[in-house]
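Below are the chains, spelled out letter by letter.
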Amino acid sequence: MADRPQFRIPETIKEDTKKYEQEVERFLNGNLDPVRFKGYRVPMGVYGQRGQTEGAEKYMIRVRAPGGVITKEQLEVLNDLSREYGAEYLHFTTRQDIQIHQVNMEDTPQILYKLLEVGLSPRGGGGNTVRNIMNSPRAGVNPQEKFDTTPYSLALTEYLIRTRSSFNLPRKYKIAFSSTAQDKGLATINDLGFIAKEKDGRQGFKVYAAGGMGNDPEIALLLEEFIAADKVFHVAEAIKRFFDDYGDRSNKHQARLRFVRKRLGDEEFVAKYKKYLKEVLEEGIDTEEIYYYQEPRSGAKDRKQNLEVDYIYPEAKPGYYSVELRPPEGDITYQELEELLSLLSSEQISLRTTNKQGLLIRGVKAENLDDLIAEIKGVNEQLLVPNVATMPIACKGASTCRLGLCLSPNLAEAVRDQLSQLDKKLQSLLPQIYISGCPNCCGQHLIGKIGFEGKAKRFDDRLVPHYSLLVGGNVAEDESRYGEKVIDLPAKRIPDFLVELAQQLSEKADYTGDFNAYLAQGGREEVVKVAKQFTEIPSYEQNSNIYQDWGSNEDFSLAGRGPGECGTGVMDIIELDIDTANDNYQTGRQENDDEELYQAIVNAARALLIVRGIDTEKDRVILSSFKSEFIDKDLVDKSKADLLDAAFDYKLGDIDSLVDYQQEIKELIQRVEELFNSLNSKLEFDLDELDQQNEDNDKAGSQNDAETKLADLRGVKCPMNFVKAKVAISPLEAGEVLEIYLDPGEPIQNVPQSLAEEGHEILEQEQTEEGYYILTVKKGK
């Protein structure tokens, strides 16, 4: 048996890394559109970062640490890469990944190759993919666990990432393992979760599914009371196929597995899962070998330690301890990490990333513990702090994330600084705080006993950074629940609120330190009452500071916020090609430019090929594939075959011009747009809906030809309403006006802003007596 966990990078990942290098080269040479390139780089774990000027963009690389397993050698390489190519620090995430920040695009292939040399890769670090599989950080050394879940988390990672179908799912697919009922791996709040169990002397798992945080969060549903341990592959494969078939690819905001569960209901969801599992079991899939291991443990003296601090854990083997490092906001500098790694000379020591943005050092002998603690504190005393309010968990927030609203790391620092001024007893009364800079849950604010979710609110026509306060979150087998939003607080007043809350808790004789028990006994109302003292917003003239976020000397704004990169996928690429075809057509028509008209044909033909699994840059393949996939299959009128022939002839020099084909080209683009808009959640064309739309369009034709242009998008959900609004405004001339009917809620909140960002002018926004809105838009140049 090996003395270390075994994980092997599949050959497909190495091949994908070579392909990525080629795509980077094409992108840098201007031969690959940025949106299309994003479809390659994000699933490779390479994200754009916020706040960069055009032409000087920086990127973040999110590296998988499967099951949290990381070696000293791997950390040394990551640290060196951060110094050579990045910002000289590493960031530990709440998903046990490790990020390198502020790298140049041209350096990313070299970084990926150097990671491969030590068995690491960021493949699947982003996009609609199987994300890093989490695992209890203490799995394998925890005296309370049933068994070590690490070999299963690693084998399942190998199984899933070796197949490319795992990188084109409807949305991200998150999996977690826990080795105890305390659920330290967060199995009960992931898309798929396994908790170690024993039954009749056999090892196995209790299985949960369709949980998740973010918008419309859900605690996972119990799928199986017990499955044999070697069936994790079959369960994960069944859920993957189920998700692939039923996930809503047309709406990334409702594409996660938990929305499949909402649509079907729990009973039908479980029934369909059972059906998929049966098929997988009967099929007999090719699983991975599970490599068991036993970390070396010998020679330690069985000496008990003073465990008053919560960052030291006794291990299953007497005389050994684990030490949890908790770098502030998950960031550790190059110098700090270099010094730390130099302290870890024993071959019995192993490392794990934690889901609390930290690093666990395992296998420390009792007789060496005090010296190691002292040496770590010599590097940075803040690495060893208790898990209370003075050690907040925080995402990277608006400083680098394109989705971030508030500067959450700066709030975390302000909270830590202010609460650290209290005496130790007061500090211990408040639980650990979780902070996310926006409704996305990268800071896991939903599971905190105290959590904060970033938001913006407007006062006197100015934006003020705010956070929603959530209380009562908890994670444990069959006891998981998300925190409840109770009140909004201005960002700048949160530290004062927490100080006051700690003071009031200290005056309660019956407060035991169990914050959730306190909430259940009437404490919730008392917390809200305290918070209300900190909600007042003075005028800008009275106190302009409250209109600024922590760490910023500028008034709060949402400038620089844009679409996130996680959901990059098929729909974005199709939309890009249709837009390009329309631009080509308009230019070709206005200037009688044959080459633009030719490109309009090629881009229109290419747009939907990705739905058929064809993604190519070769014009000949694009045109012939479109004919075989769409014209020959009666999705596009057969007369358009003549247009494709004309395009071939033009390219070969057999004809001189395509000007006479303008009407045919326009009709081709319109048909592609119609097909695109009919795509359902499985990326299939909904022809019944399409036919009905055509009838409606015919009826509306006379209206569209009239002076007033109108797009009725009532009943169309985000983001498809934005796509359809773009389609409606596209054929207009600059300066022409379009009226758009939109539903209240997200549609009227999102569509106007998105159109304005594309250069169109919002002239008016009016709500009708019936409740819907009329948006009047002037097309930009």
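Preceding block: the structure.
Residues numbered from 1 in each chain as written. Predicted model: local features only at pLDDT ≥ 70, side-chain atom pairs only at ≥ 80, totals over all residues. Heavy atoms only, no water.

1. Thoughts on the overall build of the protein chain
Phase 1 of the analysis: Broken down by element type, the protein chain carries 22 helices and 24 strands.
Phase 2 of the analysis: Radius of gyration (C-alpha) of the protein chain: 28 Å, near the 28 Å computed for a compact globule of 781 residues.
Phase 3 of the analysis: Based on the C-alpha atoms only, the size of the protein chain along its principal axes is roughly 90 × 65 × 55 Å.
Phase 4 of the analysis: In the protein chain, buried positions account for 57% of the 781 residues.
Phase 5 of the analysis: Put simply, 68% of the contacts in the protein chain that link residues at least 6 apart link residues at least 24 apart.
Phase 6 of the analysis: Accessible area for the protein chain stands at about 33,100 Å²; split by element, carbon and sulfur atoms hold 43% of it.
Phase 7 of the analysis: Between the mean site of the 97 positive side-chain charges and the mean site of the 135 negative ones, the protein chain shows a separation of 5 Å. (Helix = DSSP H or I, 4+ residues; strand = E, 2+ residues; numbered from the N terminus. Rg over C-alpha atoms; globule rule 2.2 N^0.38 Å. Buried < 20%, exposed > 50% of the residue type's maximum accessible area, 1.4 Å probe, protein only. Contact = heavy atoms within 4.5 Å. Areas by Shrake-Rupley, 256 points an atom, 1.4 Å probe, with all protein chains shown as cover. Lys, Arg positive; Asp, Glu negative; His and termini not counted. Charge placed at Lys NZ, Arg CZ, Asp CG, Glu CD.)

2. A closer look at the environment of Asn132
Phase 1 of the analysis: You can see Asn132 is positioned in the loop between helix H4 (108-117) and strand E6 (134-135).
Phase 2 of the analysis: Sequence-wise, Asn132 and Asp97 are 35 residues apart; in three dimensions their C-alpha atoms are separated by 7.0 Å.
Phase 3 of the analysis: Within the structure, Asn132 has its side chain in polar contact with the backbone oxygen of Ala65 (distance 3.2 Å). (Polar contact = N/O pair within 3.5 Å; in protein donor to acceptor, adjacent residues only side chain to side chain.)

3. Description of helix H11 (residues 408-419)
Phase 1 of the analysis: Look at H11: 16 Å from first C-alpha to last across twelve residues, which is about the 16 Å you get at 1.5 Å a residue.
Phase 2 of the analysis: By the burial criterion, the buried members of H11 are Ser408, Pro409, Leu411, Ala412, Ala414, Val415, Arg416 and Leu419.
Phase 3 of the analysis: Elements in contact with the buried residues of H11: strand E16 (393-394), helix H12 (424-427), strand E17 (433-436), strand E19 (462-471) and helix H13 (494-506). (Expected span 1.5 Å × (residues − 1).)

4. Some details on the pairing of strand E7 (residues 175-178)
Phase 1 of the analysis: Neither face of E7 is left uncovered, since the one carrying Ile175 and Phe177 and the one carrying Ala176 and Ser178 both have all their residues buried.
Phase 2 of the analysis: For the segment spanning E6, helix H5 (residues 150-161) and E7, crossover handedness is left-handed.
Phase 3 of the analysis: The sheet contact formed by E7 and strand E8 (residues 192-199) spans four bridges and is parallel. Pairing of Ala176 across the sheet is with Gly193, part of E8. (Right-handed = clockwise from strand over helix to strand, strands pointing away. Pairing = 2+ DSSP bridges.)

5. Examining the environment of Ala517
Phase 1 of the analysis: Examined against the element boundaries, Ala517 turns out to sit in helix H14 (residues 515-531).
Phase 2 of the analysis: In this structure, the C-alpha to C-alpha distance between Ala517 and Ile189, residues 328 residues apart in sequence, is 21 Å.

6. So, a negative patch on the surface
Phase 1 of the analysis: Among the surface-exposed residues, Glu73, Glu76, Asp80, Glu338 and Glu339 lie close enough to one another that they form a single negatively charged patch.
Phase 2 of the analysis: Those elements giving two or more residues to the negative patch turn out to be helix H3 (72-85) and helix H9 (334-343).
Phase 3 of the analysis: Positionally, Glu76 belongs in helix H3. (Patch = residues over 30% accessible without salt bridge, like charges linked within 9 Å, V, L, I, M, F, W, Y side chains within 5 Å. Salt bridge = Lys/Arg side-chain N within 4 Å of Asp/Glu carboxyl O.)

7. A closer look at the sheet that holds strand E13 (residues 331-333)
Phase 1 of the analysis: One open sheet holds the five strands; their spatial order is E1-E2-E5-E4-E13, and the pairing between them is antiparallel. The open sheet has two free edges, formed respectively by strand E1 (46-48) and E13, since each of these has just one partner strand. In this sheet, neighbouring strand axes are inclined to one another by 30 degrees on average, regardless of whether the strands run parallel or antiparallel.
Phase 2 of the analysis: The strands that H3 touches are strand E2 (59-63), strand E4 (89-92), strand E5 (98-103) and E13; relative to E5, the one it contacts most, it runs at about 15 degrees.
Phase 3 of the analysis: The strands that H9 touches are E4 and E13; relative to E13, the one it contacts most, it runs at about 80 degrees. (Axes fitted to C-alpha atoms, helices over the stretch in contact; angles between N-to-C directions.)

8. A look at the pattern of salt bridges
Phase 1 of the analysis: Inspection of the entire model under this criterion finds 49 salt bridges.
Phase 2 of the analysis: Here Glu11 ties to Lys14 by a salt bridge, and the two come within 3.2 Å at their closest N and O atoms. Of this pair, Glu11 and Lys14 are both found in helix H1 (residues 11-28), three residues apart, which corresponds to roughly one turn of the helix.
Phase 3 of the analysis: Residue Glu315 pairs with Arg297 through a salt bridge whose shortest N-O separation is 3.2 Å. Placement of the pair is Glu315 in the loop between strand E11 (312-314) and strand E12 (320-325) and Arg297 in the loop between helix H8 (266-283) and E11, with a sequence separation of 18 residues.
Phase 4 of the analysis: Overall, Glu315 belongs to the buried group, its relative accessible area being 6%.

9. Here we look at the packing of helix H16 (residues 594-607) against helix H17 (residues 619-631)
A pair of packed helices can be characterised by two numbers: the angle between their axes and the separation between those axes.
Phase 1 of the analysis: H17 packs onto H16 with a crossing angle of 60 degrees between their chain directions and a minimal axis gap of 9 Å. Between H16 and H17, the angle falls in the class oblique. Crossing of H16 against H17: the hand is left-handed. Contacts from Tyr598, Ile601, Val602, Ala604, Ala605 and Arg606 in H16 reach Asp619, Ile622, Leu623 and Phe626 in H17.
Phase 2 of the analysis: Residues that form the contact of H16 with H17 fall into these classes: eight nonpolar, no polar and two charged. (Parallel < 35°, antiparallel > 145°, perpendicular 65-115°, else oblique. Left-handed = near helix turned anticlockwise from the far one by under 90°. Nonpolar A, V, L, I, M, F, W, Y, C, P; charged D, E, K, R; others polar.)

10. Section: the nonpolar core
Phase 1 of the analysis: Within the largest apolar cluster, 49 residues are counted, with the highest numbers of intra-cluster contacts made by Leu75, Leu78 and Ile376.
Phase 2 of the analysis: Residue contributions to this core peak at six residues, all from helix H10 (residues 366-379).
Phase 3 of the analysis: Setting aside residues up to four positions removed in sequence, Leu78 forms contacts with Val63, Ile70, Leu90, Ile98, Ile100, Leu115 and Leu120.
Phase 4 of the analysis: Counting residues in hydrophobic clusters, the runner-up holds 44 residues, among them Ala414, Val486, Phe497 and Val528. (Core = buried A, V, L, I, M, F, W, Y, C linked by side-chain atoms within 4.5 Å.)

11. Some thoughts on the sheet that holds strand E20 (residues 484-490)
Phase 1 of the analysis: Taken together, five strands build an open sheet; the order of strands is E16-E17-E18-E19-E20 and the sheet is mixed. Bordering the open sheet on either side are E16 and E20, each of which pairs with just one other strand.
Phase 2 of the analysis: Here six bridges tie E19 to E20, and the two strands are oriented antiparallel to one another. Among the inter-strand pairings, His466 is bridged to a residue of E20, identified as Pro490.
Phase 3 of the analysis: Packing against the sheet, H14 makes contact with strand E18 (450-459), E19 and E20, and its axis sits at approximately 35 degrees to E20.

12. Quick notes on the packing of aromatic side chains
Phase 1 of the analysis: Here the structure, examined in full by the defined rule, presents 22 aromatic pairs.
Phase 2 of the analysis: With a centroid separation of 4.3 Å and 10 degrees between ring planes, the pair formed by Phe27 and Phe37 is classed as stacked. Taken as a pair, Phe27 in helix H1 and Phe37 in helix H2 (residues 34-41) lie far apart in primary sequence, ten residues in all.
Phase 3 of the analysis: Through successive ring pairs, a cluster of aromatic residues spans Phe147, Tyr152, Phe177, Phe194, Phe205 and Tyr292.
Phase 4 of the analysis: Positioned above the aromatic ring of Phe167 is the side chain of Arg123, whose terminal nitrogen or guanidinium carbon lies 3.8 Å from the ring centre.
Phase 5 of the analysis: A cation over an aromatic ring shows up here: Arg462 above the ring of Tyr540, its NZ or CZ 3.7 Å from the ring centre. (Phe/Tyr/Trp six-rings, centres within 6.5 Å; stacked < 30°, edge-to-face > 60°. Lys NZ or Arg CZ within 6 Å of the ring centre and 35° of its normal.)

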